[in-house]
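The lines below spell out each chain.
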Amino acid sequence: MKNLNFVPKMRTLRQRMTEHMVSVSGESSEDEAQIKWEEQQIKKAVKLSQETYDDLSLHKSQPAKPKFEPSVSLPPVDLEIVKKRLTERITSLQDVHRAHQREYEKYMEDIESSKMAVQELEKSSDAALNYKFYRAMKTYVENLINCLNEKLKYINELELAVHVLLQQRAMRIVNRRQDELKNETAYIQHLTSGNRKPTNDGLEGAEKSQLLEMCEHRRTLRRQVRECSGEADHHEGMSSDDELTPTEVTKFQKSRDNVLEDSRKVFEDVHADFCDIRKILLKFQEWKEKFPDSYCEAYISFCLPKLLNPLIRVQLINWNPLENFAELEEMPWFRAIEEFSDARNKSESKRDDNPDKEVLPRVIEKTILPKITAFVKSVWDPLSTSQTKNLVQLCNSIFEKQVLSKNECSRAKEDLVNMVVQRMKKSVEEDVFIPLYPKSTVEDKSSLHSKFQDRRFWSAVKLLSNVLLWDGIVQEDTVRDLGLRKLLNRYLLLNLINMPPGPDNIEKCNKVVACLPERWFQDLQSGSTLPELLNFCQHLLQCAHTLHRDNHSDETKEVLLLMMRVKALHMVEDFLEEYKLEHLKPMIGK
């Protein structure tokens, strides 16, 4: 196999010259020599130019090194000039460095500015979400307020209906008791005047007789119940006499059940987010956690008590604090608000106080205390021990546990206390009546006069006990004025003075002393009793003199012990000195 030559190979310069020389061999030798010489010179020139070109290209790629000729003379070296040039060089470099430093600082400032711009842009990116939240919260609150405003009319009607039922029942009992008291007083007065029967004729007299028979029938039933239960410490007249007839009970229960059924339908067409207290508070809890500053600036803790008022009132429609004591802490609305107030949020470390701590106290002041005040005004019977104990226990639970606001001057609390005092004053004026009969008519304990007088006395003692239960809630001066000045000194003591000293008198005095709060006598150091009890102690001292003269030593000692309980120490000491009763002195610590 051979390679095919498609194009003639390039001939070298020597080959071309040889060919040329052969072609001109026929010319003269002189001309040939001349031409040959010229060609040689041209070759030399071409070769020299090519070598020069190569040397130049090589020198361009590599810088030429200076060559110092030993024979060349150099200028003299001056150190000052060298130092000056180096200083100028250093100064120039420092200027360049400072320029670079300034440029670097500018770049760093640009970086920080860029970072701040990025953060601002990131925050501005949340603005849409924040706006969406506030817009949704505004819409929710507006819908909630509109819903509550629409339902408020029905809530007021239902609450009023229940309150009217309770008020009518209470008024029916009070009016019946007062009518029976008047009728029984008139009946006994007729007997005292010599008539064996009342002079009332016709239907009115028959109605009064029927009322007295019904009253005696209820009294007999209560006596039988006490005998079956073994209750011994009870006297006729200490019962509230608040029983209703079966017809009245059925009618009242049916009316109240109807109202309660209607109350369950108030929010049946409302979504839970607008009627469930816990869910409503969760909405505001979310606001407080996300935007605590705006939450505080909007004073939500001041608005929530008013906002929750209708919902709490619906839950309390069937609540009667007089019938049975119920702890507020156990109610669903109370627990929901308490959890909301105690909830920790992100701003807790930044804020020293939590404004939501005042939500529950304000709810108590704005919703609960006014409701209790309404019960006191229209439903509460101060003669009822069970109602009074439940009411006192509830007030103590609210006041002692400091559920109220930190503001000591609570207007709602003052209104409640003032209404309690007003109702007790009214009861003292209208419900207390102790007739005074001749001794000849009351010596027989089985007579109508004696029984009626005893019932009225024990009824007043019961009211005294109920009034003194308010010690610690109502101001002490007010309680002592109502209980001691008006009830004891004006009514009870007058009956005790007209009774002969004996076991009955001592028992009544003992019951009176048992009603007195022990706290009143703890700080008495002078040996004298309370000013309001001076007349009562004088009566006890007079009884002690009479009993001692009649040789009733046990009764005398019992009376002296009563005087000791009310801290009438000086009277006891004088009595022991007068009768030389040395064996009784250890009783007073001497």
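Residues numbered from 1 in each chain as written. Predicted model: local features only at pLDDT ≥ 70, side-chain atom pairs only at ≥ 80, totals over all residues. Heavy atoms only, no water.

Caption draft 1: Broad picture of the overall build of the protein. Broken down by element type, the protein carries 19 helices and zero strands. Relative to its 590 residues, the protein shows a buried fraction of 38%. Put simply, of all contacts in the protein between residues at least 6 apart along the chain, 74% involve residues at least 24 apart. Here the protein displays about 37800 Å² of accessible surface, and carbon together with sulfur accounts for 53% of that area. (Helix = DSSP H or I, 4+ residues; strand = E, 2+ residues; numbered from the N terminus. Buried < 20%, exposed > 50% of the residue type's maximum accessible area, 1.4 Å probe, protein only. Contact = heavy atoms within 4.5 Å. Areas by Shrake-Rupley, 256 points an atom, 1.4 Å probe, with all protein chains shown as cover.)

Caption draft 2: Just the confidence of the model for the protein, in detail. Summarising the model, the protein shows a mean pLDDT of 83, and 80% of its residues fall at 70 or more. This stretch, residues 198-203, has a pLDDT under 50; its non-local contacts, to residues over four places away or in other chains, come to five contacts. (pLDDT = per-residue confidence, 0-100.)

Caption draft 3: Molecular detail of a nonpolar patch on the surface. Side chains of V77, V82 and L86 sit close together on the surface and give an oily, nonpolar patch of about 290 Å² of accessible area. Its place among the elements puts V82 in helix α3 (residues 79-192). Given a relative accessible area of 39%, V82 falls into the partly exposed group. (Patch = residues over 30% accessible without salt bridge, like charges linked within 9 Å, V, L, I, M, F, W, Y side chains within 5 Å. Salt bridge = Lys/Arg side-chain N within 4 Å of Asp/Glu carboxyl O.)

Caption draft 4: Fine view of the pattern of salt bridges. Throughout the structure, instances matching the rule amount to 24 salt bridges. Here E323 ties to R169 by a salt bridge, and the two come within 2.8 Å at their closest N and O atoms. Of this pair, E323 sits in the loop between α8 (300-315) and α9 (332-342) while R169 sits in helix α3; the two residues are 154 residues apart in sequence, bridging distant segments of the chain. Its salt-bridge partner being K288, residue D356 comes within 2.7 Å of it at the nearest N-O pair. With D356 in the loop between α9 and α10 (359-378) and K288 in helix α6 (residues 277-290), this residue pair connects regions lying 68 residues apart in the sequence. On the accessibility criterion, D356 (0% relative accessible area) is buried. On the basis of relative accessible area, K288 is assigned to the buried category, the value being 3%. If you follow the salt bridges from partner to partner, you end up with D471, E476, R480, D481, R485, K486, R519 and E532 in one network.

Caption draft 5: Representation of the packing of aromatic side chains within the structure. A full pass over the atoms with the stated rule returns twelve aromatic pairs. Measuring from centroid to centroid gives 5.9 Å for W287 and Y295, while their planes differ by 85 degrees, and the two rings are edge-to-face. Taking relative accessible area as the criterion, W287 reaches 12% and is therefore assigned buried. For Y295, a relative accessible area of 2% corresponds to the buried category. (Phe/Tyr/Trp six-rings, centres within 6.5 Å; stacked < 30°, edge-to-face > 60°.)

Caption draft 6: Looking closely at helix α12 (residues 411-431). Over its 21 residues, α12 runs 29 Å from end to end, which matches the ideal 30 Å to within 8%, given 1.5 Å per residue. Among all positions in α12, only A412, L416, V417, M419, V420, V421, R423, M424, S427, V428 and D431 are buried. (Expected span 1.5 Å × (residues − 1).)

Caption draft 7: Representation of the side chain of N309. Looking at where N309 falls in the secondary structure, it is placed in helix α8. Once residues lying within four places of it in the same chain are set aside, the contact partners of N309 are K366 and T367.

Caption draft 8: A look at the nonpolar core. If you look at the biggest cluster of nonpolar residues, it comprises 121 residues, and the most contacted ones within it are F284, L328, W333, I368, I372 and W470. When residues in this core are grouped by element, the largest group, twelve residues, is from α3. Discounting residues that sit within four places of it in the chain, L328 has contacts with W319, W333, F334, I364, I368, L394 and I398. L181, I188, Y437 and F452 belong to the second largest nonpolar core, which has five residues in total. (Core = buried A, V, L, I, M, F, W, Y, C linked by side-chain atoms within 4.5 Å.)

Caption draft 9: Structural view of the environment of L282. Structurally, the position occupied by L282 is in helix α6. Along the sequence, L282 and F340 sit 58 residues apart, while their C-alpha atoms lie 7.8 Å from each other.

Caption draft 10: Region of the structure containing the packing of helix α18 (residues 553-565) against helix α19 (residues 569-579). The N-to-C vectors of α18 and α19 enclose an angle of 150 degrees; their axes lie 8 Å apart at closest approach. By the angle between their directions, the pair α18 and α19 is classed as roughly antiparallel. As for the relative orientation of α18 and α19, their crossing is left-handed in sense. Two secondary-structure elements touch here, α18 through T556, L560, M563 and M564 and α19 through L569, M571, V572, F575 and L576. Grouping the amino acids of the contact of α18 with α19 by side-chain chemistry returns eight nonpolar, one polar and no charged. (Axes fitted to C-alpha atoms, helices over the stretch in contact; angles between N-to-C directions. Parallel < 35°, antiparallel > 145°, perpendicular 65-115°, else oblique. Left-handed = near helix turned anticlockwise from the far one by under 90°. Nonpolar A, V, L, I, M, F, W, Y, C, P; charged D, E, K, R; others polar.)

Caption draft 11: Structural view of α6. The terminal C-alpha atoms of α6 lie 20 Å apart, and with 14 residues this matches the ideal 20 Å at 1.5 Å per residue to within 8%. Of all the positions in α6, only I277, I280, L281, F284, Q285, W287 and K288 are classed as buried. For α6, the angular spread of the buried residues around the axis is 160 degrees, confining them to a single face. If you check the start of α6, you find a side-chain oxygen 3.0 Å away from the backbone N of R278, and it comes from D276. (Arc of directions from axis to C-beta. Polar contact = N/O pair within 3.5 Å; in protein donor to acceptor, adjacent residues only side chain to side chain.)

Caption draft 12: Focus on the state of the cysteines. Taken as a whole, this structure holds zero disulfides when the rule is applied. Left without a disulfide partner, C147 is nearest to the cysteine sulfur of C275, which lies 7.2 Å away. Judged by relative accessible area, which is 13%, C147 ranks as buried. (Disulfide = S-S within 2.5 Å.)

Caption draft 13: How the structure looks around unusual backbone geometry. Phi angles above zero are rare outside glycine, and K567 is one such case at about 65 degrees. Tracing the sequence through the fold places K567 in the loop between α18 and α19. Classification of K567 by relative accessible area gives partly exposed; the value is 31%. In the Ramachandran plot, K580 falls in the positive-phi region, its phi being about 55 degrees despite a non-glycine side chain. Along the polypeptide, K580 turns up in the segment after α19. Take K580: its relative accessible area is 59%, and that puts it in the exposed class.

Caption draft 14: Region of interest: the environment of E573. Structurally, E573 can be placed in helix α19. The exposure class of E573 is partly exposed, given its relative accessible area of 22%. For the pair E573 and L560, spaced 13 residues apart in sequence, the C-alpha separation works out to 9.8 Å.

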